[in-house]
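# Geometric and topological summary
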Amino acid sequence: MTLMPSRLASLIALIFFVWLSIVFGLFIVFRVIFEISLPWQSSLTPTIVAVLRVVLSAVVGVTWLLAWWKLANVYLWRKLKTHE
Amino acid sequence: MDHIIFSGILFGVSFLVTFLTTPLLARMNKRLGLTGTDVHKMDKPRIPEMCGLAVAVSLILSATIAAIVLQVEARPIVAFVLCISIAAAIGIADDLGPLSPRLKPVLTAVAASPVVLLGTYSPYMAIPFLGTTRLTIIYPILVIAAIAVLANAINMMNPFNGAMSGTCSALSLAMIVYLMLLGRTTEMILPSALLGSLLAFHWYNKYPAKVFSGNAGDLSVGAAIGALTVMGRIEVPMLIAMIPHITNAFYLLSSVGGLRERREMPYRPTRLLEDGRIEATEDGKAPITLSRLILAEGALRENEIVNIMIAMTIASSLLGLLTLLFMRP
């Protein structure tokens, strides 16, 4: 079985980055964003807090995806250029 | 009967059933003209399609045997069987006459619905470092979305001979290890059947493929993995183990700007060379896929690409294992 260690190592590094971003992202969402509360109380407070949590969690999700996308693009074009 | 021993028996039964039914299905499909072109071979052979149905049949049979022998609660078994059957039916429809790429994910979400409707999930999700979190309202929606995404992600990760069967065998083994470490021996039974069935199917589907799994096989295996992940309560470790599949689907969808049929993509990510190797295209408009990333460093043979895909799935499964250790009380 030919696995080409250096090629595999670069690809596993990409997976490692995605793993770190997921674990860190989950930590931010559940430990920081889900703990958010507002300093004042009104009838609208629970709704505002719920919306804020969803929006901020979505921001974390989009940041994940943008980071993965950027990294894949940089990796692909750099490797293609080097190979050329 | 001890559930670990029974898991071993069911592994053997599903292996045998798939090993014996796949050639029969291949012969039948060839006679019916249900064949596809192996585009990564110089002579472009016609290979029987939809043979992954043998895996679905074997899983349904294994689940039924488990329900009868162990007298376990029927709901999870019924949910699992319905989930696979609906996904297989969607796959057959797609194989016979391609479904709209926008309709397919919606239909696979329907395949996930038995898991939610029969209540075979727990809304208490374990998160690494943080313990358990209660997601009563959002969890059922997440379950349906997740199973649909996983089934389609596995479907997208099958461009080469043995890619689906090889990577999904690694995922099934990871699932068994996670459940064993968590002491959930009852939940290990169906993943063991899935592993047995996938290994038998890999025998025929590996390079040079004698059978193709088709959308029917890919979607039913994807739905099975999704359903077993939810029922086994190993969502986060399996999300990590499936990083190669999920990122491949994400890169592809992002670079083509949404859900598109293969025919709607004029630029291909890879091309076949005259010596039989495959190389990444340098066209800026071609979609980014995992195979293109693998080939960015130079051309490889088809079986070498699949070996790298399997190695990447094993690496992500090990990271899933590490994540699971962070989740343990």
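Note that this is a predicted model, so its numbers are computed, not measured. (Residues numbered from 1 in each chain as written. Chains lettered and ligands numbered in written order. Predicted model: local features only at pLDDT ≥ 70, side-chain atom pairs only at ≥ 80, totals over all residues.)

Let us look at the overall build of chain A. Of regular secondary structure, chain A possesses two helices and zero strands. Rg of the C-alpha trace for chain A: 19 Å, well past the compact-globule value of 12 Å for 84 residues, more than 25% over. Principal-axis analysis of the C-alpha atoms places the extent of chain A at approximately 65 × 25 × 15 Å. Within the span of chain A, comprising 84 residues, buried residues form 12% of the whole. (Helix = DSSP H or I, 4+ residues; strand = E, 2+ residues; numbered from the N terminus. Rg over C-alpha atoms; globule rule 2.2 N^0.38 Å. Buried ≥ 20, exposed ≤ 12 C-beta atoms within 10 Å, placed from the backbone.)

Summing up its helical and strand segments, chain B has twelve helices and six strands in all. At 19 Å, chain B has a C-alpha radius of gyration in line with the 20 Å of a compact globule built from 329 residues. Each of the three principal axes of chain B carries a C-alpha extent, and together these read 55 × 45 × 30 Å. Counting only residues that meet the buried cut, chain B has 55% of its 329 residues in that class. Pairs at least 24 apart in sequence give 76% of the contacts found in chain B among residues at least 6 apart. (Contact = placed C-beta atoms within 7 Å.)

Let us look at the environment of Lys 30 of chain B. Residue and element names in this part refer to chain B. Along the chain, Lys 30 falls in helix H1 (residues 3-31). A residue is classified by how many C-beta atoms lie within 10 Å of it, and Lys 30, with 16 of them, is partly exposed. Placed 81 residues apart in sequence, Lys 30 and Ala 111 show a C-alpha to C-alpha distance of 28 Å. Once residues lying within four places of it in the same chain are set aside, the contact partners of Lys 30 are Thr 35 and Pro 48.

The subject of this paragraph is the interface of chain A and chain B. Listed as interface residues are 26 residues of chain A and, on the opposing side, 31 residues of chain B. Only helix H1 (5-32) and helix H2 (45-83) of chain A provide two or more residues apiece to the side of chain A that touches chain B. Among the elements that take part in the side of chain A that touches chain B, H1 of chain A stands out by supplying 13 residues, more than any other. The class makeup of the residues in the side of chain A that touches chain B is 20 nonpolar, three polar and three charged. (Nonpolar A, V, L, I, M, F, W, Y, C, P; charged D, E, K, R; others polar.)

With that settled, the discussion passes to the nonpolar core. Residues and elements named next belong to chain B. The biggest cluster of nonpolar side chains holds 120 residues, and the ones touching the most others in it are Cys 83, Ile 84, Ala 87, Ile 147, Ala 223 and Ala 227. Looking at this core element by element, the count peaks at twelve residues for helix H5 (residues 138-156). Ile 84 has contacts with Ala 56, Leu 59, Ile 60, Ser 220, Ala 223 and Ala 224, leaving out every residue within four places of it along the chain. (Core = buried A, V, L, I, M, F, W, Y, C linked by C-beta atoms within 7 Å.)

Glancing now at unusual backbone geometry. Comment: phi is negative for the bulk of residues other than glycine, and the bulk of peptide bonds are trans. Geometrically, the link from Tyr 207 of chain B to Pro 208 of chain B is a cis peptide bond, its omega value of -10° lying close to zero. Topologically, Pro 208 of chain B is positioned in the loop between helix H7 (189-205) and helix H8 (214-231).

Residues and elements named next belong to chain B. Packing of helix H2 (residues 53-70) against helix H3 (residues 74-96) brings their axes to within 10 Å, and their N-to-C directions diverge by 165°. One finds that H2 runs roughly antiparallel with respect to H3. Here H2 runs over H3; the crossing is left-handed. Mapping the contact onto sequence places Leu 53, Ala 56, Leu 59, Ile 60, Ala 63, Ala 66 and Ala 67 in H2 and Ala 74, Ile 77, Phe 80, Val 81, Ile 84, Ser 85 and Ala 88 in H3. Its residues assigned to classes, the contact of H2 with H3 shows 13 nonpolar, one polar and no charged. (Axes fitted to C-alpha atoms, helices over the stretch in contact; angles between N-to-C directions. Parallel < 35°, antiparallel > 145°, perpendicular 65-115°, else oblique. Left-handed = near helix turned anticlockwise from the far one by under 90°.)

Below, the discussion takes up the environment of Leu 199 of chain B. Mapping Leu 199 of chain B onto the fold places it in helix H7. Once residues lying within four places of it in the same chain are set aside, the contact partners of Leu 199 of chain B are Phe 15 and Ser 169 of chain B.

Low-confidence regions, as indicated by low pLDDT, have predicted coordinates that should not be scrutinised in detail. Residues with a pLDDT of 70 or more make up 97% of chain B, whose mean pLDDT is 91. Both scores are given for the predicted complex: the pTM is 0.92, the ipTM 0.87. (pLDDT = per-residue confidence, 0-100.)

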